[in-house]
Amino acid sequence: MARIVMKFGGTSMAGIERIRNVAARVKREVEAGHEVAVVVSAMAGETDRLVGFCREASSLYDPQEYDVVVSAGEQITSGLLAITLQAMGVPARSWLGWQLPIHTDTAFAKARIGEIDTTALDESLAAGVVAVIPGFQGVAEGNRVTTLGRGGSDTSAVAVAAAMKAERCDIYTDVDGVYTTDPRIVPRARKLSKVTYEEMLELASVGAKVLQTRSVGLAMKEQVRVRVLSSFDDARDEDGHRGTLIVGEEEIDDMERQLITGIAHDKNEAKITLTAVPDRPGAVGAIFAPLADAGINVDMIVQNIAHSTGSTDVTFTVPSADLARSLDVLEKASGEIGYGNLVHDTRVAKISVVGVGMRSHAGVASTMFQTLGARGINILAITTSEIKVSVLIEEDYTELAVRVLHTAYGLDAEAA
Ligand code: ADP
Ligand code: ASP
Ligand code: MG
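Within any chain, residue numbers begin from 1 and follow the written order of that chain's sequence. Both sets of labels track the order of writing: A upward for chains, 1 upward for ligands. With the structure being a predicted model, the display of local features is reserved for residues of pLDDT at least 70 and the display and counting of side-chain atom pairs for 80 or more, all residues being used for whole-chain, interface and lining totals. Calculation of side-chain values draws on the structure's entire complement of heavy atoms; hydrogens and water are dropped beforehand.

Q: Describe the site of ligand 2, listing the residues and the values that go with them.
A: What surrounds ligand 2 is the set S41, T47, E74, F136, R150, G151, G152 and S153. Between ligand 2 and T47, the relevant distance is 2.8 Å, taken from a nitrogen atom to a side-chain nitrogen or oxygen of the residue. Polar here means any residue other than Ala, Val, Leu, Ile, Met, Phe, Trp, Tyr, Cys and Pro, which are nonpolar, and Asp, Glu, Lys and Arg, which are charged; Gly is therefore polar. Partitioned by chemical class, the residues of the shell around ligand 2 number one nonpolar, five polar and two charged. Any residue with at least one heavy atom within 4 Å of a molecule or strand is counted as near it. By the criterion applied in these results, polar contacts are pairs of N or O atoms within 3.5 Å in which, for protein atoms, one can donate a hydrogen and the other can accept it, and in which residues neighboring in sequence qualify only through two side-chain atoms.

Rendered as C-alpha cells:
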C-alpha cells in the first residue's frame with residue numbers, strides 16, 4: 001500500500017464522460033490498495049471563460065475578486081468527481097482550499113502555498129475515503145480565497161504530495177509525457193523517459209506549459225517523485241514504463257545525456273518600449289521599481305546605446321496578463337522616469353532552447369541565431385542563463401522557429 005496523489009488537468013476533466021474515465025483510473029488505484037488524494041483542474045476552457053468575464057467587467061480588475069471568480073471552475077469539477085466516484089462505489093469527499101486548508105500568501109492571482117493542514121486529509125485517507133481537492137486554489141490571511149497563477153493545479157498536486165508524504169505524484173494530462181518540444185507543434189518531437197528537475201524547471205519557466213514552473217521548483221525542493229502521463233492512453237515504452245519521470249541529475253546516466261533537452265515557446269509575453277529615456281544613473285531604476293512594487297515580473301530587458309541626444313530606448317517584456325497594469329504603472333510614473341513615448345506590442349513570442357549540456361559546450365547560441373537568420377526570422381531581444389538561451393521574435397514565426405531549431409539541434413525523432 002502506498003500514498004499517492006493523482007492530478008488530472010482540464011482536458012481530462014472536460015465533461016461527465018471524461019470525469020468517468022478519471023474516476024475509473026482512481027478506482028483502479030484504490031482497488032490496488034493505495035490511499036489516494038486526487039487534485040483536479042477546471043474543465044478545459046472554463047478558466048479562460050472566467051478570466052474573460054473579469055476583463056470584460058474591468059481591465060484593471062481587483063485581483064482579490066478575480067480569485068473569487070476564477071477559483072470557481074475547480075470547485076465544480078471536484079464536486080463532480082466526488083459524485084462520480086461515489087456512484088461507482090468508491091467513497092469520496094471533496095475538500096476546497098479553505099476547508100483543508102491550503103494556506104497561501106496574499107499575492108492574489110499568483111499566490112504561493114505556505115502550509116497545508118493535513119489533519120482532515122489524513123483522517124479521510126485512514127478511513128478509506130478518497131480526498132478530492134480542487135487545484136489552483138488556497139486561502140490567505142483574512143480568509144480570502146486565492147489562486148496560484150495559471151496552470152497552478154500542478155503546484156497544488158505537488159504541494160499536497162509533499163504535505164502528505166506521498167510516494168509519488170502522478171500528473172495525468174492530454175499528452176503521454178514531456179517531449180523535446182510541444183508535440184502539437186512538432187509532430188517529430190521525441191518523448192523523454194526522464195528529465196532532470198533543473199531542466200524541467202527551465203523548460204517550464206520559458207513556456208513548456210505541460211507543468212507549471214512552481215510545481216517543478218517545489219518538487220525539486222521537497223524531493224517529490226513526479227511523473228507526467230496520459231489520462232487517455234495506457235501505452236508503455238519498450239522498457240515497460242509509462243510517461244516521463246522528473247528525476248535528480250544523478251539518475252540520468254551519461255548515455256542518455258543530450259546537449260539540448262528541449263525547446264519551448266511562449267506567446268504570453270508582451271513587449272514594452274520606452275523611447276527617449278534620459279541616459280543617467282537611476283533612470284532604469286525609476287522604470288523597474290514601480291513595476292516591481294506592483295508585483296509585475298519583467299523578463300527580457302534590452303537597453304540601447306545612448307543617442308547623441310543623451311537619451312536611450314529601453315525595451316522589456318512582461319506577462320501579457322500584466323500588460324494593462326504595467327502601462328498604467330508606467331504612465332503614472334512618467335514624470336519620474338521622463339521618457340518620450342510608451343509603445344507596446346503583444347504580437348511577440350519567446351523561443352528558448354534548454355539543456356544542461358550547454359555548461360560544457362560552446363556554440364549553442366550561435367547555432368540558434370544562424371538557424372533563425374537563415375529563415376529570415378528577426379531577433380528582437382535575447383537573454384541567457386547557464387542552461388538556456390532565449391530570443392524574442394515576431395509571433396507569426398513561432399511555429400517555424402520551433403520546428404527549424406528542433407531539426408538544427410538534432411532532436412527530430414526518426415521517421416516511423
Ligand atoms: P493540463 O490541462 O492537463 O494541465 P496543459 O494544457 O496545461 O494540460 O499541458 C499539456 C500541454 O502542454 C500539452 O497538450 C502540450 O500541447 C503542451 N506542451 C508544451 N510543451 C510540451 C512539452 N515539451 N512536452 C509535452 N507537452 C508540452
Ligand atoms: N484551471 C487553472 C488554469 O486553467 C489551473 C490549472 O488547470 O492548472 O490555469
Ligand atoms: Mg496545466
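Q: Describe the pattern of salt bridges, and please don't skip the residues or the numbers.
A: Salt bridge, as used here: a side-chain nitrogen of Lys or Arg that lies within 4 Å of a carboxyl oxygen of Asp or Glu. Considering all chains together, one arrives at 28 salt bridges under this definition. Salt-bridge contacts for D322 lead to K110; the nearest nitrogen and oxygen are separated by 3.6 Å. One end of the pair, D322, is in the loop between β16 (311-319) and α10 (323-332); the other, K110, is in the loop between β4 (102-104) and β5 (113-116), with 212 residues separating them in the sequence. Each residue is placed in one exposure class: buried if its accessible area under a 1.4 Å probe, protein chains only, is under 20% of its type's maximum, exposed if it is over 50%, and partly exposed if it falls in between. Residue D322 is classed as buried on the basis of its relative accessible area, which comes to 13%. Overall, the relative accessible area of 29% leaves K110 in the partly exposed class. Across the salt bridge formed by K332 and D328, the nearest N and O atoms sit 2.9 Å from each other. With K332 and D328 both in helix α10 and four residues apart, the pair spans about one turn of that helix. Think of it this way: any DSSP run of H or I at least four residues long counts as a helix, any run of E at least two long counts as a strand, and we number them from the N terminus.

Q: Report on the packing of helix α3 (residues 63-70) against helix α4 (residues 72-87), specifying residues and quantitative values.
A: Lines fitted to the C-alpha atoms define the axes, with helices restricted to the stretch that makes contact. Angles between their N-to-C directions range from 0 to 180 degrees. Taken N-terminus to C-terminus, the directions of α3 and α4 make an angle of 25 degrees; their axes are 5 Å apart at the nearest point. Classified by the angle between their axes, α3 and α4 sit roughly parallel to one another. Facing V68, V69 and V70 of α3, the residues of α4 in contact are A72, G73 and E74. When grouped by side-chain class, the residues that make up the contact of α3 with α4 number four nonpolar, one polar and one charged. Here the word oblique covers every angle except those under 35 degrees (roughly parallel), over 145 (roughly antiparallel) and from 65 to 115 (roughly perpendicular). Throughout, a residue-residue contact means that at least one pair of heavy atoms, one from each residue, lies within 4.5 Å.

Q: An account of the sheet that holds strand β20 (residues 388-394) is requested, with residue identities and associated values reported.
A: Taken together, four strands build an open sheet; the order of strands is β13-β18-β20-β19 and the sheet is antiparallel. In this open sheet, the two edge strands, each paired with only one partner strand, are β13 (262-266) and β19 (381-385). When strand polarity is set aside, the average angle formed by the axes of neighbouring strands in this sheet is 20 degrees. Pairing between strands requires that DSSP locate at least two bridges from one strand to the other. Both β19 and β20 contribute to a ladder of five bridges, which runs antiparallel. Residue pairing in the sheet places T383 in a bridge with S390 of β20. Sheet contacts for helix α7 (residues 197-205): β13, β18 (348-354), β19 and β20; angle to β18, the most-contacted strand, approximately 170 degrees.

By themselves, these figures tell us nothing about what the structure is for.
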